[in-house]
Amino acid sequence: GSIKVENVSVDDRIRLDTSNSSISVRQTCCRRLEADSSNSGITVEQVSALEATLDTSNGGIKVKRSEIGEMLNADTSNGGIEVELSGSESEYRIIADTSNAKVYVNGRSMGSSYTSGYGRRNARLDTSNGRISIGFTG
């Protein structure tokens, strides 16, 4: 079944794993977040973590108003990736790849592959058959 985590704070790792169901994490703080699903989406909203690894297939990944301090890995197939990260674009090193769609940064089309920056935070976003949209809150 679906997994929903809300208003949780832990010192170390949160690991969520399901198949054929969605994962939703909201208003949560942890050192590492690991979410793995298949055939459904992953939504992360107002999460603070040093590292986040989000992996699914046949579903989209959404990261909204979240602070990922060091590394965000988002990987899916047959679904889009939409991220809204805290801070400015210059704080990040971004590697984003898709096939059969495009990467958009702050609404600008960047083609199917995009690499930028040398910031201290990292984002690695990878999908096929889906659009990648990246925005910043700062």
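Above: the structure in question.
Just so it is clear, the structure is predicted and the values come from calculations on it, not from any experiment. (Residues numbered from 1 in each chain as written. Predicted model: local features only at pLDDT ≥ 70, side-chain atom pairs only at ≥ 80, totals over all residues. Heavy atoms only, no water.)

Visitor: When you look at the overall build of the protein chain in this model, what are you seeing that I'm missing?
Guide: Looking only at helices and strands, one finds zero helices and 13 strands in the protein chain. Ordered by position from N to C terminus, the α and β elements of the protein chain give β-β-β-β-β-β-β-β-β-β-β-β-β. The principal-axis extents of the C-alpha atoms in the protein chain amount to approximately 35 × 30 × 15 Å. Taken over 138 residues, the protein chain has a buried fraction of 42%. Considering only residue pairs separated by 6 or more positions, the protein chain has 34% of its internal contacts joining residues 24 or more positions apart. Element-wise, carbon and sulfur atoms account for 39% of the exposed surface of the protein chain, whose accessible area totals about 6,600 Å². With 16 positive and 18 negative side-chain charges, the protein chain shows a spacing of 4 Å between the two charge centroids. (Helix = DSSP H or I, 4+ residues; strand = E, 2+ residues; numbered from the N terminus. Buried < 20%, exposed > 50% of the residue type's maximum accessible area, 1.4 Å probe, protein only. Contact = heavy atoms within 4.5 Å. Areas by Shrake-Rupley, 256 points an atom, 1.4 Å probe, with all protein chains shown as cover. Lys, Arg positive; Asp, Glu negative; His and termini not counted. Charge placed at Lys NZ, Arg CZ, Asp CG, Glu CD.)

Visitor: Is there a simple way to think about the pairing of strand β4 (residues 32-36) in this case?
Guide: Residues in a regular strand point their side chains to alternate faces of the sheet. Pairing analysis gives five bridges linking strand β2 (residues 13-17) to β4, with the strands arranged parallel. Bridged to D17 within β4 is D36. Two strands pair when backbone bridges link them, and β4 and strand β5 (residues 42-55) are joined in this way by five bridges, in the parallel orientation. Bridged to R32 within β5 is E51. (Pairing = 2+ DSSP bridges.)

Visitor: Even after reading the chapter, I still don't get the packing of aromatic side chains, so can you show me in this structure?
Guide: Two aromatic rings are characterised by how far apart their centres lie and by the angle between their planes. Under the definition given, this model contains one aromatic pair. Consider the rings of Y92 and F136, whose centres lie 5.5 Å apart with planes at 50°: the pair is tilted. One end of the pair, Y92, is in strand β8 (residues 92-97); the other, F136, is in strand β13 (residues 132-136), and 44 residues separate them in sequence. When sorted by exposure, Y92 lands in the same class as F136, which is buried. The ring of Y104 has R131 lying over it, and the distance from NZ or CZ to the ring centre is 3.8 Å. (Phe/Tyr/Trp six-rings, centres within 6.5 Å; stacked < 30°, edge-to-face > 60°. Lys NZ or Arg CZ within 6 Å of the ring centre and 35° of its normal.)

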